[in-house]
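Per-entry structural report
Single-letter residue listing:
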Amino acid sequence: MVLAGLAVYWMLSHSLLPWQARRLLAIFVATIFGLILQPMPGGAIVLFGVMAMPLSGALPVAQSLVGYADPVVWLVLAAFFISRGMIKTGLGRRIAYLFIRKIGHTSLGLGYALISTDMILAMVIPSNGARAGGILFPIGKSLSEAYQSWPQTSARRLGAFLMTLMYQCDVIICAMFLTGQASNVLIAKMARQETNVDLSYSQWALGAIVPGLVGLWLVPILIYRVFPPDIRHTPEAHQLANDELAKMGPMSGPEKVMLLVFALVAALWMTSSWHMIDASLVALLGVGLLLLSGVLDWNDALAERAAWDVFIWYGGLLQMAKSLSGAGVTQWFAQSASSLTVGWSWGAALALLLLIYFYVHYGFASITAHATAMYIPFLVVILAAGAPPYLAVLLLAYFSNLNACLTHFGTTPAPIYFGAGYVNQRTWWQLGFLVSILNIMIWAGVGLVWWRFLGWW
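Residues numbered from 1 in each chain as written. Predicted model: local features only at pLDDT ≥ 70, side-chain atom pairs only at ≥ 80, totals over all residues. Heavy atoms only, no water.

**Observations concerning the overall build of the protein**
Counted only if it meets this: The helix count covers DSSP runs of H or I at least four residues long, the strand count covers runs of E at least two residues long, and both are numbered beginning at the N terminus. Here the term buried applies to any residue with accessible area under 20% of the maximum for its type, exposed to any over 50%, and partly exposed to those in between, with areas from a 1.4 Å probe on protein chains only. Any two residues whose heavy atoms approach within 4.5 Å are treated as being in contact. Calculation of accessible area relied on Shrake-Rupley with a 1.4 Å probe; when residues are assessed, cover is drawn exclusively from the protein chains displayed. Lys and Arg are tallied as positive, Asp and Glu as negative. Neither His nor the chain termini are counted. To locate a charge, take atom NZ for lysine, CZ for arginine, CG for aspartate or CD for glutamate.
On a plain count of helices and strands, the protein comes out with 23 helices and zero strands. Principal axes of the C-alpha set define a box for the protein whose edges measure 70 × 50 × 45 Å. Per-residue burial over the protein gives 56% buried out of 457 residues. Taking all contacts inside the protein whose residues are at least 6 apart in sequence as the whole, residues at least 24 apart take part in 78%. Of the accessible surface of the protein, which amounts to about 18100 Å², a share of 69% is contributed by carbon and sulfur atoms. A gap of 5 Å separates the mean positions of the 22 positive and 16 negative side-chain charges of the protein.

**Quick word on the nonpolar core**
The criterion, for reference: What makes a nonpolar core is a set of buried Ala, Val, Leu, Ile, Met, Phe, Trp, Tyr and Cys residues whose side-chain atoms join them at distances within 4.5 Å.
Membership of the largest hydrophobic core comes to 158 residues, with the highest contact counts inside it found for I100, M176, W269, Y375, F399, Y417 and W443. Discounting chain neighbours no more than four positions away, the residues touching W269 are L75, A79, M123, V124, T179, Y201, S202, A279, V282 and A283.

**Things to note about the side chain of E244**
By the element assignment, E244 lies in helix α12 (residues 235–248). When residues no more than four places from it in sequence are discounted, the contact partners of E244 are R93 and Y97.

**Re the environment of G286**
Along the chain, the position of G286 falls in helix α15 (residues 279–293). Not counting chain neighbours up to four residues away, the residues in contact with G286 comprise I82, V261 and V265.

**Focus on the environment of F28**
As for its placement among the helices and strands, F28 is situated in helix α2 (residues 19–37). The spacing of F28 and H408 is 380 residues in sequence and 26 Å in space, taken between C-alpha atoms. Dropping the residues within four chain positions of it, F28 is found in contact with M320, L324, T372 and A373.

**Things to note about helix α21 (residues 389–402)**
Inclusion rule: Residue count minus one, scaled by 1.5 Å, sets the expected span of a helix.
The terminal C-alpha atoms of α21 lie 20 Å apart, and with 14 residues this matches the ideal 20 Å at 1.5 Å per residue to within 8%. Here α21 lies mainly inside the structure; 13 of its 14 residues are buried.

**Quick word on a nonpolar patch on the surface**
Which entries qualify depends on this criterion: Patch membership needs two things, relative accessible area over 30% and no salt bridge, and members are linked within 9 Å if like-charged or within 5 Å if nonpolar (Val, Leu, Ile, Met, Phe, Trp, Tyr). Any Lys or Arg side-chain nitrogen located within 4 Å of an Asp or Glu carboxyl oxygen qualifies as a salt bridge.
There is a patch of nonpolar side chains on the surface, built from M40, L47, F48, M51 and L55 and spanning about 490 Å² of accessible area. Within the element layout of this structure, L47 appears in helix α3 (residues 42–55).

Right, here's the structure in full:
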């Protein structure tokens, strides 16, 4: 990754970019290569990038660390702590079993019950690993085993279907909310930086709600048709849910507090245009209430390793992206790349570039690495082709999540679900490609109509 950065620096002459811009770009490229190749955890790689900026003379130390003071970094950190409370109190499991008891009488109904839980939790929890991996995966696996569906030997009885459906729908849910997964806030920040389009919590959700719900309705049906489970009716799931809820007993005090805080934070985020309270302050308020009530203690916050890892790489990447724009690198790239679509209609340029952006995710093991490396470059080229800014921002933002459907390493929960052993790699990729076609049709079809209705383009 160091060689990649040095190559960028020496290949670009001073006549193209001044030395500061070249050094910043070289550090950024080296960091992105590190996130793709993953020789060490992402937080450590970004930390090296942050250190390289002042050591190379590209930025002073104080400016290199400014990203860690950005409110959105603290929003994500606080939201991870809230997710800790959801898991600790068991409220997430309770919600899942309530849905299963209500609509889990068929295998398809079980799928809808689990993804309904995921969607509710995604309104506040930005860790798709915590939601899909920590809360829902154990439930889905238990349901599969309850029907004697085991990896390899009897995977098609139920487990293969549930694992595929849960993951593919989690990808859609990631796209539906600003808190759908950790890097969405970074995407929104980059969009505002380049276009002044403000993807607030409510704007993001409003734009995604119609295509998202259509996707959550149709994708399970597609999987049910092309990859059906042997077991179609699951009446025992109702009893399993009843048994688990009986073990949990009535809602405990901490669960009730967690539910109230969850509802308060979600409501304040959705109504931010009315009260003008910053989203980061709302998240910190939620954490404060959980600490004061005893639902969380400070050791819980310190033990949330994923939150602190995200905090490190998030703040560093934010400052890198901002510094690149300030040094003129983004503008230079837009001018250089605009020649690729000269003479094209903006619709044709938008369609081609979106498809490239979507399917290049075959080479990425992280939504964050993909979006950080390619969101701004693709955005500026699409804008240079004449596409409406809102349309370009929305489609790239949502596609940054939906493209994780393609592989068994597309985003954090993918290795968890694939690693359960119910689906082989070839089948996983084939189903991922089929789902990708449907997702693109929904979001670039239904989505365009919905955003036109809203007057956004």
